[in-house]
Each structure stands twice: as C-alpha cells, then as structure tokens.
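Chain residues, written in single-letter form:
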Amino acid sequence: MPGVPLGLDDLTLEDGHLFHDRKGRPRQLPPASAPLADTHGHLTSFARRDPSVALCRAALAGVRLLVVPVDPVDEVPRLFPTAAAYLSWIDEQVERAAEHLGECARHGLVPPEPAGHPNLPPLVEHVRIVAGAHPYGAAQLDESALACLDEFLASPRCAGVGEIGLDFGPYNELPADVQEKAFRRQLAVAREHGLPVELHLRDGQDPADHAAHDLAARVLAEEGVPAAGCDLHCFTDGPGVMAPFVELGCHIAFGGAVTFKRSDDIRAAAAACPARLLLSETDCPYMAPVPLRGKECEPAMVAFPAACVAEVREDAGVATRDETYAALWENACSLLG
C-alpha cells in the first residue's frame with residue numbers, strides 16, 4: 001500500500017545483491033559506463049513483482065529511462081476502464097517507487113551515478129509510455145479504440161506509438177490483411193502526431209519464413225518510416241533479416257534473447273547493427289536474460305542484454321564497450337526520451 005515502508009527483503013537486497021537466479025544464488029550487476037535504458041518493458045503483466053518495486057529496483061540497477069507499452073484494445077478495458085484510469089495508475093506506481101527509493105536511501109542504497117552524466121534526472125522522472133494496438137487486436141481497432149489511443153498520445157508521458165505491427169506466429173488468429181490494415185492505420189496516426197513507432201514483428205514457425213518482416217519492410221517502404229523514427233522491438237533474428245530495416249533507418253532493440261546460448265544469429269545482428277541504431281530493452285516480464293533464466297523479467301534486468309551487446313561488439317572489433325553503452329543511452333534518449 002502507498003506509504004508503507006519498504007523492507008529490504010521486498011527488494012531481495014538482504015545480502016547486498018539486487019539479482020538472484022532461480023536457485024537463489026546472487027548474480028553480480030554488470031558494470032555500465034552510461035545510464036541504462038529499457039525501451040520496452042510492460043508494467044501491467046507481472047505475476048509476482050509489484051510494479052512500483054520493479055521501478056525502484058530498476059533505478060537501483062542504473063536504469064534512467066523506461067518506456068512502457070499500453071494497448072488501447074487489450075488493456076483498456078480488460079485491466080483499466082479508460083485511458084485516464086491507466087494514466088492515473090502509472091502515476092501512482094511512479095509515486096510509490098519514489099517513496100521506495102527514499103526508504104532505500106535511508107539505508108544507504110542509492111542509484112549509481114554514471115561518470116560523465118552529472119545531475120541526470122532520476123528514473124522516476126523518465127517513465128514514458130508508447131500506446132498502440134498489438135497485432136492480436138488488429139480487428140478491434142475501431143473508432144472507439146482509436147479515440148482511446150488519441151487519449152494516450154495526448155499524455156505528457158507519451159513517447160510514441162506501439163507496439164504495432166504483424167504477427168504470423170502460432171498464437172495469432174487474424175489474417176495478414178486485417179493486421180496490415182491496422183498497421184498502416186497506426187503508422188498514419190504516428191505521422192499525424194509526429195511520433196516514432198515501436199514495431200512487433202513475429203514470423204511463422206518455419207525458421208526460413210520471414211513473411212512478417214518482409215511485409216513490414218514493404219509497408220514501411222510504401223508508407224514511409226515516420227520522420228520521428230522506428231524501433232524494431234525485441235529483435236530475435238540475424239543480420240540478413242535486419243538489413244532492410246537498417247537501410248530504412250530503423251532502430252533495432254535487443255533484449256534478453258541476445259544472451260541466450262543458442263542466439264548466435266542475434267548476437268551477429270547486434271555486432272552488425274550501426275551504432276546510431278542500437279537500443280536495449282527487456283520486454284519484461286518475458287524472456288529474462290542469462291543468468292536469470294526462469295525468473296520473471298523486470299526492467300532492472302536490462303543491464304544484462306546491454307552488457308552482452310557491449311561485449312559482442314567489442315569482441316567483433318566494431319566498438320569499445322564504453323562506445324556501445326554510450327550509443328544505447330543516447331539513442332534511447334533521442335528516439336524515446
């Protein structure tokens with residue numbers, strides 16, 4: 001409840017470590033030479049983590065920007081009766097997180113201060129949203145849903161339109177033309193509002209099938225990438241799939257999947273991605289990174305994919321770790337901050 005002091009056990013900090021694997025073993029926070037940004041983290045989908053505690057933990061991990069997606073077709077009205085109710089809720093989570101951080105400070109626990117970034121505002125001042133109808137809800141993108149979307153886009157927290165796009169995976173039940181229509185409509189909304197977009201693109205189960213990415217690249221070429229920018233959220237393919245989007249000037253966001261043992265193709269894409277287009281994210285509460293597989297993912301865990309991307313790029317000889325950390329932060333701020 002708001003106002004109730006937060007115990008250190010609630011943060012799993014009783015042994016001085018922010019992270020513990022599924023067996024309870026402490027895992028060291030990877031050192032970062034720049035502030036961290038989670039450009040796509042869901043706060044309404046946690047099964048076990050309190051959202052305000054997740055925000056507090058993210059701040060203690062060095063996160064200074066979080067972008068939270070909200071869906072006007074799904075989360076309204078399933079979780080919140082109106083857009084205003086959601087916006088009030090996220091304000092409350094931020095306020096409670098600030099209270100938690102105050103309690104932590106009284107115990108000597110404060111967010112790290114990255115060198116070269118003096119007087120950087122705290123995370124609680126940089127919680128943004130993107131709003132858009134996920135491909136699963138494309139058929140429900142009617143005038144009422146678009147009006148709700150407009151309410152979200154009018155919020156001072158709003159940084160973009162998303163996650164929108166195409167999903168031809170096993171959980172989708174909508175035909176491609178229905179999804180494409182909603183995708184094009186929301187691209188137009190983004191252009192009308194001068195906002196960037198975050199894309200959800202999922203191909204079929206055949207590893208050789210890239211139909212969703214192929215169609216998305218064609219749509220972006222035809223419609224034009226919004227002038228404010230475009231981000232391929234949760235990129236899980238190789239350099240070849242990435243190439244047409246890089247050519248279009250789209251940002252590429254790498255999350256927990258880049259750390260997985262069998263993700264050599266994703267790591268190759270991270271090495272090949274131009275520095276100006278790199279982004280980091282979690283897509284929490286999904287896809288917790290190594291070494292925290294099996295845990296519920298949270299924004300604080302963006303420290304691990306960011307460290308992996310920095311290591312991969314240094315090993316490939318394309319950038320130093322410091323250069324990659326700087327790019328991840330600067331790109332997030334310029335696109336969504």
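Cut-offs and rules
Residues numbered from 1 in each chain as written. Predicted model: local features only at pLDDT ≥ 70, side-chain atom pairs only at ≥ 80, totals over all residues. Heavy atoms only, no water. Core = buried A, V, L, I, M, F, W, Y, C linked by side-chain atoms within 4.5 Å. Buried < 20%, exposed > 50% of the residue type's maximum accessible area, 1.4 Å probe, protein only. Helix = DSSP H or I, 4+ residues; strand = E, 2+ residues; numbered from the N terminus. Contact = heavy atoms within 4.5 Å. 1 Å grid on protein atoms, 1.4 Å probe; cavity = no way out; pocket = protein on both sides within 12 Å on 5 of 7 lines; lining within 4 Å. Points joined across faces, edges and corners; volume = space filled by probe spheres on them. Nonpolar A, V, L, I, M, F, W, Y, C, P; charged D, E, K, R; others polar. Axes fitted to C-alpha atoms, helices over the stretch in contact; angles between N-to-C directions. Parallel < 35°, antiparallel > 145°, perpendicular 65-115°, else oblique. Pairing = 2+ DSSP bridges. Salt bridge = Lys/Arg side-chain N within 4 Å of Asp/Glu carboxyl O. Phe/Tyr/Trp six-rings, centres within 6.5 Å; stacked < 30°, edge-to-face > 60°. Left-handed = near helix turned anticlockwise from the far one by under 90°.

## Focus on the nonpolar core
Okay, step 1: Tyr-86, Phe-152 and Phe-254 are the most contacted members of the largest nonpolar core, which has 113 residues in total.
Okay, step 2: For this core, the leading source of residues is helix H3 (residues 83-106), giving nine residues.
Okay, step 3: Contact partners of Phe-152, with chain neighbours within four places excluded, come to Val-70, Pro-72, Val-76, Ala-83, Tyr-86, Leu-87, Ile-129, Ala-131 and Cys-158.

## Some points on empty space enclosed by the protein
The gaps of empty space that remain are located by a probe, the size of a water molecule, rolled over the atoms.
Okay, step 1: As enumerated under the stated definition, the model contains one cavity of 30 Å³ or more in all.
Okay, step 2: Taken together, Leu-199, Leu-201, His-213, Leu-232, His-233, Cys-234, Phe-235, Thr-236 and Asp-237 form the lining of the largest cavity.
Okay, step 3: Split by residue class, the lining of the largest cavity holds five nonpolar, three polar and one charged.

## Examining the packing of helix H8 (residues 264-272) against helix H9 (residues 303-315)
Okay, step 1: Axis separation between H8 and H9 bottoms out at 9 Å; the angle between their running directions is 70 degrees. Judged by the angle between their axes, H8 and H9 are roughly perpendicular. Of the residues in H9, those touching H8 at Arg-267, Ala-270 and Ala-271 are Cys-308, Val-309, Val-312 and Arg-313.
Okay, step 2: Grouping the amino acids of the contact of H8 with H9 by side-chain chemistry returns five nonpolar, no polar and two charged.

## A short note on the pairing of strand S5 (residues 127-131)
Okay, step 1: Burial runs high along S5: five of the five residues are buried.
Okay, step 2: Both faces of S5 are covered, namely the face carrying Val-127, Ile-129 and Ala-131 and the face carrying Arg-128 and Val-130.
Okay, step 3: Bridge analysis of S5 against strand S6 (residues 158-167) gives three bridges, and the strand direction is parallel. Bridge pairing in S6 places Ile-129 opposite Cys-158.

## Thoughts on the pattern of salt bridges
Okay, step 1: Tallied over the full model, the rule gives 18 salt bridges.
Okay, step 2: Arg-96 is paired through a salt bridge with Asp-50; the nearest N and O atoms lie 3.4 Å apart. Of this pair, Arg-96 sits in helix H3 while Asp-50 sits in the loop between strand S3 (36-38) and helix H1 (51-60), and the two are 46 residues apart along the sequence.
Okay, step 3: Under the relative-accessibility criterion, Asp-50 is labelled partly exposed at 27%.
Okay, step 4: Across the pair Glu-298 and Arg-57 runs a salt bridge, and its minimum N-O distance is 2.8 Å.

## A word on the layout of surface pockets
Okay, step 1: Taken as a whole, the largest pocket encloses approximately 1,100 Å³ of empty space.
Okay, step 2: Along the walls of the largest pocket sit 43 residues, with Tyr-136, His-200, Leu-201, Arg-202 and Cys-234 positioned nearest its centre.
Okay, step 3: When contributions to the lining of the largest pocket are tallied by element, the ones reaching two or more residues are strand S4 (63-70), helix H2 (75-78), S6, strand S7 (197-202) and H8.
Okay, step 4: Per-element accounting of the lining of the largest pocket gives the leading share, three residues, to S7.

## Considering the packing of aromatic side chains
Okay, step 1: Taken as a whole and assessed by the stated rule, the structure comprises six aromatic pairs.
Okay, step 2: Arranged with centres 5.2 Å apart and planes meeting at 90 degrees, the rings of Phe-80 and Tyr-86 form a pair that is edge-to-face. For the pair formed by Phe-80 and Tyr-86, the shared burial category is buried.
Okay, step 3: Ring geometry for Phe-235 and Phe-254: centres 6.1 Å apart, planes at 80 degrees, overall edge-to-face. Of the two residues, Phe-235 sits in the loop between strand S8 (230-232) and helix H7 (239-247) while Phe-254 sits in strand S9 (residues 251-254), which places them 19 residues apart along the sequence.
Okay, step 4: Taking the relative accessible area as the measure of exposure, Phe-254 reaches 1% and is therefore buried.

## What about the sheet that holds S9?
Okay, step 1: Spatially, eight strands are ordered S3-S4-S5-S6-S7-S8-S9-S10 in an open sheet, and the strand pairing comes out parallel. Each having just a single partner strand, S3 and strand S10 (278-280) make up the two edges of the open sheet. Strand after strand, the sheet turns through a mean of 25 degrees between neighbouring axes, direction not considered.
Okay, step 2: Pairing geometry for S8 and S9, over two bridges, is parallel. By the bridge assignment for S9, Asp-231 is matched with His-251.
Okay, step 3: Across the sheet, helix H5 (residues 176-193) lies against S6 and S7, angled at about 160 degrees from S6, the strand it touches most.

## Some words on the packing of H3 against helix H4 (residues 143-153)
Okay, step 1: Here H3 crosses H4 at 30 degrees, and the two axes come no closer than 9 Å. Between H3 and H4, the interaxial angle falls into the category roughly parallel. In this structure, H3 crosses over H4, and the sense of that crossing is right-handed. Residues Ala-83, Ala-84, Tyr-86 and Leu-87 of H3 lie in contact with H4, whose contacting residues are Cys-148, Glu-151 and Phe-152.
Okay, step 2: For the contact of H3 with H4, the class distribution of residues is six nonpolar, no polar and one charged.

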